[in-house]
Amino acid sequence: MKISKIWYFIRESIWFIPFLYGFISIILAIGSYYLDNYIAHHPHLYKKIPIIFLADIDLALTVLSSIATALLTMTTITFSSIMIVLTTFLSQFSPRTLQNFIADSPTQRVLAVFVGGFIYTVILLLVTRETKVHQLFILPTFAVIYALICLIFFVFFIHHVSRWIQVSNLIFDITTNALKILKNHFIDKKNVHPDAPWEDWEYPEVLQSTPLIVYPEKPGYLQSIDTNGLLKQATLDNSIVRVEARVGEFVDIDSPLLSIWKMEEKEIAHNYLRFISLGLERRTVQDIEFGITKLVEIALRAVSPAINDPNTAINCIAQIGKILAVMSCKHLPRPFLNDENRSLRIIIDQPDFKEYLYKSFYQIRHYGKDDISIISSILQALIHIATKSDTETKKEVWEFAQYIVEGINRDAILSLDKHYLNGRLHELAKQTGHRKEASLLT
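A short tour of the structure in this document, coming up.

How each quantity is defined
- Residues numbered from 1 in each chain as written.
- Predicted model: local features only at pLDDT ≥ 70, side-chain atom pairs only at ≥ 80, totals over all residues.
- Heavy atoms only, no water.
- Helix = DSSP H or I, 4+ residues; strand = E, 2+ residues; numbered from the N terminus.
- Buried < 20%, exposed > 50% of the residue type's maximum accessible area, 1.4 Å probe, protein only.
- Contact = heavy atoms within 4.5 Å.
- Areas by Shrake-Rupley, 256 points an atom, 1.4 Å probe, with all protein chains shown as cover.
- Salt bridge = Lys/Arg side-chain N within 4 Å of Asp/Glu carboxyl O.
- Phe/Tyr/Trp six-rings, centres within 6.5 Å; stacked < 30°, edge-to-face > 60°.
- Polar contact = N/O pair within 3.5 Å; in protein donor to acceptor, adjacent residues only side chain to side chain.
- Pairing = 2+ DSSP bridges.
- Axes fitted to C-alpha atoms, helices over the stretch in contact; angles between N-to-C directions.

**Brief notes about the overall build of the protein**
Next, step 1: On a plain count of helices and strands, the protein comes out with 15 helices and 10 strands.
Next, step 2: Within the protein, the proportion of its 442 residues that are buried is 46%.
Next, step 3: Long-range contacts, defined as pairs at least 24 residues apart, comprise 79% of the intrachain contacts of the protein with a sequence gap of at least 6.
Next, step 4: Accessible area for the protein stands at about 23,200 Å²; split by element, carbon and sulfur atoms hold 60% of it.

See the structure below:
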């Protein structure tokens, strides 16, 4: 767990790829110097190189210093553009969306290419010296080629930033990441055999005894849980472990993180905390709710009087519906995990689909209840979810639709709006099998 946690942190950091490219640039600069020096000590090779690619010491130093200055300027502009995007995300979308742009690979690579180019050119400038043998240099040509590559990346970055600054692309990126989490960490319902209800009989009995409380070593957000490692260790120690916080929650050093019940009178010396990943901010490693929260916050900003962009909110609602539709086909993790002998080992508080559904739309419903387009979009999202769901989920979707209808001020809705919303409710009632129970606006 530690290795994967460290690697994920490094990979998501904005400094890692520039550092890597900078190190590679140092190697390339040293290699270029030795190649140039090798050519200088074999004068017959100059005949095979066009004279346009060779320069004397004055021209070489001029070209290298000019390129170094230009690349440093391009690096500064790139960093300023990144800060502008981050400021836009912070003020207009959501503070939680900053990490989407920072962790974006093209953004990191462009900054890394410029940093690497500056380091490469400065090192060449440092090692370029004229001697009796070495009077012509090919190093400026290498630097010019690198500068042209940087220029191509700079044009690409301008295009990339112009795309990222569009909220529709940000919404698409958040949705894509959320769907990846569902694909990688959740199993289809059809591939899961439901556990028998009597397999968790030990839990009430366990609660009668006093557990060993484990506190975190430092405060932070619970980013991920290695359930397989935790299950193996609990089985090895013949213990039952309950995780006292959900993924995505903030845990202080005074807050219980784990409760461990020992089934045998033996000392448990193993550090269970190594299976728990805490960090300074929430991450979408296993936290599907965090991805949905980002979309909700963008939608809330969009319906606020300051921005007043209902179409963006409608787009967010549609994407949330897409995520929940895929989730409805997945087997959500159970709160009880058993070992191979069907003995209870792990207890984790897990949200069910009804809770995901409520947290996805309750704030949008509250702040957008006076906008017919927002309410209609929520009902349309529920219809999309219902078309993908099983019978039990359809029932939950219909119950939630009644909650949405309850919040509508029927006296303030015009007749055509009522007709439009009633059409949505009819379609939802049809998809959920509640035609006779359709609660329509009158």
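Additional details are given in the paragraphs that follow.
**Some words on the pattern of salt bridges**
Next, step 1: For the structure on display, the rule yields 8 salt bridges.
Next, step 2: The partner of R242 in a salt bridge is E244, with the nearest N and O atoms 2.8 Å apart.
Next, step 3: Its salt-bridge partner being E399, residue K354 comes within 3.9 Å of it at the nearest N-O pair. With a gap of 45 residues between them, K354 in helix α12 (residues 353-367) and E399 in helix α14 (residues 391-406) connect regions that are remote in the sequence.
Next, step 4: Residue K354 is classed as partly exposed on the basis of its relative accessible area, which comes to 42%.
Next, step 5: Classification of E399 by relative accessible area gives partly exposed; the value is 38%.
Next, step 6: Among the ionic contacts, a cluster of salt bridges with common partners joins R246, E289, D349, E355 and K359.

**Focus: unusual backbone geometry**
Next, step 1: Although it is not a glycine, N238 adopts a positive phi angle of roughly 55°.
Next, step 2: With a phi angle near 55°, N308 is a residue other than glycine that sits in the positive phi range.

**What about the packing of aromatic side chains?**
Next, step 1: Evaluated as defined, the whole model comprises 8 aromatic pairs.
Next, step 2: With 6.1 Å between their ring centres and 45° between their planes, F361 and F400 make a pair best called tilted. Of this pair, F361 sits in helix α12 while F400 sits in helix α14, and the two are 39 residues apart along the sequence. Each member of the pair, F361 as well as F400, is classed as buried.
Next, step 3: An aromatic cluster is present here, built from Y358, F361, Y362, F400 and Y403 joined pairwise through their rings.

**A word on the environment of H134**
Next, step 1: Tracing the sequence through the fold places H134 in the loop between α5 (105-127) and α6 (139-164).
Next, step 2: A polar contact is formed between the side chain of H134 and the side chain of D36, at a distance of 2.5 Å.
Next, step 3: Within the structure, H134 has its side chain in polar contact with the backbone oxygen of L136 (distance 3.4 Å).

**Considerations on the pairing of strand β7 (residues 276-279)**
Next, step 1: Burial of β7 is two-sided: the residues I276 and L278 facing one way and the residues S277 and G279 facing the other way are all buried.
Next, step 2: Looking at chain direction, strand β3 (residues 220-225) and β7 are connected through 4 bridges and run antiparallel. Residue pairing in the sheet places S224 in a bridge with S277 of β7.

**Digging into the sheet that holds strand β9 (residues 336-338)**
Next, step 1: In spatial order, the strands read β2-β6-β4-β10-β9; together these 5 strands make up an open sheet with mixed pairing. Two strands bound the open sheet, and with one partner strand each, they are β2 (212-214) and β9. Going across the sheet, the axis of each strand differs from the next one's by a mean of 20°, ignoring polarity.
Next, step 2: Relative to strand β6 (residues 258-262), strand β4 (residues 239-243) runs antiparallel, the two sharing 5 bridges. Residue pairing across strands places V243 opposite L258, the latter belonging to β6.
Next, step 3: Across the sheet, helix α9 (residues 227-237) is in contact with β4, β9 and β10 (344-348); its angle to β10 comes to roughly 140°.

**Some remarks on the side chain of K330**
Next, step 1: You can see K330 is positioned in strand β8 (residues 330-331).
Next, step 2: What makes K330 buried here is its relative accessible area of 11%.
Next, step 3: A distance of 2.8 Å separates a polar atom in the side chain of K330 from a polar atom in the side chain of D188.
Next, step 4: Not counting residues within four places of it along the chain, the set of residues in contact with K330 comprises L182, K183, F186, I187, D188 and K189.

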